[in-house]
Amino acid sequence: MGIEEKLPSGILLTSVEKVIGYARKSSVWPATFGLACCAMELMATGGPRHDLARFGMERASNTPRQADLMIVAGRVSQKMAPVLRQIYDQMAAPKWVISMGVCASSGGMFNNYAIVQGVDHIVPVDIYLPGCPPRPEMLLDAIVKLHDKIQNMKLGKNREKEIEELERARLRRLPLDAGLHHIAHHVHAGGDE
């Protein structure tokens, strides 16, 4: 909740949104949070072949107060979950999270009591990155998508309106089963004619 939340909506705000979005997108600093094998791919992304520095993200922050992107790379154990949440809470707002790899996203092959079955149970996730482990190119693609999301984020009253519209759109979606039953009923009714 910064000063941008107090801005009124209007024509001037759209230009301010573009400038602020570009500045935020171009200055994302990741927090290092490598937990398992995905961390090797995360480190490779910072190397000379993939060069994370071209996105202005070469400074991986070892202090959460100077970071605004958490890349959770690998499986999260139940013991590590409170630590991950504490680091997330200490990060500066606005902040974003990339869940890197199938273990961070859904527990992966570790379907047991010791591993958290998805980091979204602990922190809100902006981008889910599949793979075991995902390649550095996939992480760069997720970062580019996150940059696009950051750049197009609304501010002030427009942000509140955007959140309400997204929530209404999610509530209007049919559950998968209901949609399939509707389609099956429609096909069946057409077949009887």
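Thresholds applied
Residues numbered from 1 in each chain as written. Predicted model: local features only at pLDDT ≥ 70, side-chain atom pairs only at ≥ 80, totals over all residues. Heavy atoms only, no water. 1 Å grid on protein atoms, 1.4 Å probe; cavity = no way out; pocket = protein on both sides within 12 Å on 5 of 7 lines; lining within 4 Å. Points joined across faces, edges and corners; volume = space filled by probe spheres on them. Helix = DSSP H or I, 4+ residues; strand = E, 2+ residues; numbered from the N terminus. Nonpolar A, V, L, I, M, F, W, Y, C, P; charged D, E, K, R; others polar. Buried < 20%, exposed > 50% of the residue type's maximum accessible area, 1.4 Å probe, protein only. Contact = heavy atoms within 4.5 Å.

## Description of the layout of surface pockets
A probe matching the size of a water molecule, rolled over the atoms, marks out where space remains unfilled.
Then, in step 1: What the second largest pocket holds in volume is close to 230 Å³.
Then, in step 2: Lining of the second largest pocket is provided by 15 residues; of these, Thr32, Leu42, Met43, Leu52 and Ala60 occupy positions nearest its centre.
Then, in step 3: Those elements that provide at least two residues to the lining of the second largest pocket are strand S1 (30-34) and helix H2 (38-45).
Then, in step 4: For the lining of the second largest pocket, the element with the most residues is S1, which contributes five residues.
Then, in step 5: Here the lining of the second largest pocket is built from residues that sort into eleven nonpolar, three polar and one charged.

## Structural notes on the environment of threonine 45
Then, in step 1: Along the chain, threonine 45 turns up in helix H2.
Then, in step 2: What makes threonine 45 buried here is its relative accessible area of 0%.
Then, in step 3: In the structure, threonine 45 is positioned 93 residues away from methionine 138 in sequence and 9.6 Å away in space, judged by C-alpha atoms.
Then, in step 4: Dropping the residues within four chain positions of it, threonine 45 is found in contact with His50, Asp51, Leu52, Pro136, Leu139 and Leu140.

## Describing empty space enclosed by the protein
Then, in step 1: Evaluated as defined, the whole model comprises one cavity of 30 Å³ or more.
Then, in step 2: Computed from the structure, the largest cavity encloses a volume of approximately 50 Å³.
Then, in step 3: As for the largest cavity, its lining consists of Ala36, Cys37, Cys38, Gly74, Arg75, Gly101, Val102, Cys103, Gly131, Cys132 and Pro133.
Then, in step 4: Here the lining of the largest cavity is built from residues that sort into seven nonpolar, three polar and one charged.

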